[in-house]
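One-letter residues, chain by chain:
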Amino acid sequence: MKKILSIILSLAIMVSMSGIAIAADTSNQIEKIYFQYYGNGQYGKTIETRTVNIDSRIIEAIATESEDIYLVDGNEYLVQVSQDIYTLAEKIEIDETDFNANTSIFEMYSIPEKLRDDIEENIEREALNDNEDFSISLYVPANISLLSSSATDFTYQGHKLRNYIVDYNNCSVGPVNKNGSNAKNAAASLTNFVLSCVGCVSKTVTIFGLGVSAYDVYASIHGEVQYGSQGDKTYSLLVYDKKTKDTHYYDPYVQTWQEGCFSQYVKMKRNDTYQFYGATGKSELTKKTLSTTYWTEHYYDPLFAVQAAPVGFVDNYIFVNLYGTSCRL
């Protein structure tokens, strides 16, 4: 009898452990996104998955940490170039600590001068902020398509186009400081920030909750600040990701690629606001996760690169207003 009970108990334990293992495997599954090839170097998302193994026009990819960039295989990615079009690209890692260390890479992939200048400027800005989390990846037209060895570019409404996209991760704005006896008033006025760009509708982003200020958060934790003092301090900063896209078009008359349109996209990731008041003797660092996206006028308009010819067009910069200070992203 004891032997039978022992066997039953062993089987129960095995079944239990098997169930745990199955649950673990399920939780670790990576969600796949499917794309269909429409020809002319263009891909689009699809819900069709049944023909992925027998129809080369359906391929699978997985999401990356970067918005609208999907890993296909190895070093091949699909990057979004319009609201519904993706193109195949190769990823190149950039040295974000030393701009000059990238010279050979820039020459190897014929990176446009305007894009090089943009990379250099962003490296210098983040160095001034002592931003150690900053990183850069560069996406260039793929040399070898999944379907054709010559599909390095894409055709849109009869025009040949190509994109170079720089993916800047964990960029920073600020910190913007407000110190002294007016620090409390500044924190009490900080409820949101505004993203704006000439040619685009501005967007207001709530930070702490509707109608809730930075000071409200502090007071709910440490109590009201009864008076201001010269030692009071507050600062606020923003962390965001940014993509810069340099779109070129092929001019059939001179048979060469020309600069078309330079545009940008941002995704706000986090706000950090610090407060210290002498009246309480206590400090508080509040970190709020953000997810707002914003882009310049022609970021999702590939054809504008041709329409702007023969002069390369640069979209206006995106600005954010933080603590009453206007900062360029």
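To continue, consider unusual backbone geometry. The amide bond that connects Gly 174 to the next residue, Pro 175, takes the cis arrangement and shows omega of 10°. Topologically, Pro 175 is positioned in strand β9 (residues 159-179). In the segment running from Ala 309 into Pro 310, the intervening peptide bond is cis, with an omega of 5°. Looking at the secondary structure, you find Pro 310 in the loop between α6 (304-307) and β16 (313-314).

Counted residue by residue, strand β12 (residues 233-251) has 16 buried out of 19 residues, so it is predominantly covered. Pairing geometry for β9 and β12, over 15 bridges, is antiparallel. Of the residues in β12, the one forming a bridge with Asn 177 is Tyr 235. Inspection of the sheet shows β12 paired to strand β13 (residues 256-277) by 19 bridges, in the antiparallel sense.

For the coordinates displayed, the defined rule picks out 17 aromatic pairs. Summarising the aromatic geometry, the rings of Phe 35 and Tyr 86 are spaced 5.1 Å apart at their centres and angled 70° between planes, so their arrangement reads as edge-to-face. Here Phe 35 is found in strand β1 (residues 32-39), whereas its partner Tyr 86 is found in strand β6 (residues 86-94), with 51 residues between them in sequence. Across the pair, exposure class does not vary: Phe 35 and Tyr 86 are buried alike. Plain terms: the ring middles of Phe 99 and Phe 106 are 5.6 Å apart, the flat faces sit at 45° to each other, and that makes the pair tilted. Over the ring of Tyr 317 we find Arg 328, and its NZ or CZ is 3.8 Å from the ring centre.

Considering every residue of the protein chain, the mean pLDDT works out to 86; 86% of them sit at 70 or more. Taken as a whole, residues 1-27 scores under 50 in pLDDT and shows 0 contacts with residues more than four places along the chain or in a different chain.

Membership of the largest hydrophobic core comes to 49 residues, with the highest contact counts inside it found for Ile 119, Phe 193, Leu 195, Met 268 and Leu 329. Among the elements that make up this core, the one with the highest residue count is β9 (6 residues). Leaving out residues up to four positions away in the same chain, Leu 195 has contacts with Ser 202, Lys 203, Val 205, Met 268, Thr 292, Tyr 294, Ile 318, Phe 319, Val 320 and Leu 329.

What follows is about the pattern of salt bridges. For the structure on display, the rule yields 6 salt bridges. Of the charged contacts in the structure, one is a salt bridge between Glu 67 and Lys 267, with a shortest N-O distance of 3.0 Å. With Glu 67 in the loop between β3 (58-63) and β4 (69-73) and Lys 267 in strand β13, the pair connects residues that are 200 residues apart, well separated along the chain. Relative accessible area serves as the criterion here: at 30%, Glu 67 is assigned to the partly exposed category.

The topology assignment puts Ser 263 in strand β13. Ignoring anything within four residues of it in the chain, the contact list for Ser 263 reads Lys 243, Thr 244, Lys 245, Thr 296, His 298, Tyr 299 and Asp 315.

Looking now at helix α5 (residues 214-222). Every buried residue of α5 is listed here: Ala 214, Tyr 215, Val 217, Tyr 218 and Ala 219. Of the surrounding elements, those touching the buried residues of α5 are α4 (183-189), β13 and β14 (282-289). Gly 223 lies just past α5 and shows a positive phi near 90°.

Attention shifts here to the sheet that holds strand β18 (residues 325-328). Adjacent strands of a sheet form backbone hydrogen bonds with each other and so pair up, either parallel or antiparallel. In space, the 4 strands of this open sheet follow the order β11-β10-β17-β18, with antiparallel pairing throughout. The open sheet has two edge strands with one neighbour each: β11 (203-206) and β18. On average, each strand axis in the sheet is tilted by 25° relative to the strand beside it, whichever way the strands run.

This brings us to the pairing of β11. Looking at chain direction, strand β10 (residues 192-196) and β11 are connected through 4 bridges and run antiparallel. Looking across to β11, one finds that Val 194 is bridged to Thr 204. From the end of β10 to the start of β11, which pair antiparallel, there are 6 residues, and Gly 199 there has a positive phi angle of about 95°.

With that settled, consider helix α3 (residues 113-128). For α3, built from 16 residues, the straight-helix expectation of 22 Å at 1.5 Å per residue is met to within 8% by its first-to-last C-alpha distance of 23 Å. Within α3, burial applies to Leu 115, Arg 116, Asp 118, Ile 119, Asn 122, Ile 123 and Glu 126. Across the axial projection of α3, the buried residues extend over an arc of 160°, all falling on one side. Across α3 from its buried face, at more than 90 degrees, point the exposed residues Glu 113, Ala 127 and Leu 128. Against β6, α2 (103-108), β7 (135-141), β9, β12 and β13 lie the buried residues of α3.

About the cut-offs
Residues numbered from 1 in each chain as written. Predicted model: local features only at pLDDT ≥ 70, side-chain atom pairs only at ≥ 80, totals over all residues. Heavy atoms only, no water. Helix = DSSP H or I, 4+ residues; strand = E, 2+ residues; numbered from the N terminus. Buried < 20%, exposed > 50% of the residue type's maximum accessible area, 1.4 Å probe, protein only. Pairing = 2+ DSSP bridges. Phe/Tyr/Trp six-rings, centres within 6.5 Å; stacked < 30°, edge-to-face > 60°. Lys NZ or Arg CZ within 6 Å of the ring centre and 35° of its normal. pLDDT = per-residue confidence, 0-100. Contact = heavy atoms within 4.5 Å. Core = buried A, V, L, I, M, F, W, Y, C linked by side-chain atoms within 4.5 Å. Salt bridge = Lys/Arg side-chain N within 4 Å of Asp/Glu carboxyl O. Axes fitted to C-alpha atoms, helices over the stretch in contact; angles between N-to-C directions. Expected span 1.5 Å × (residues − 1). Arc of directions from axis to C-beta.

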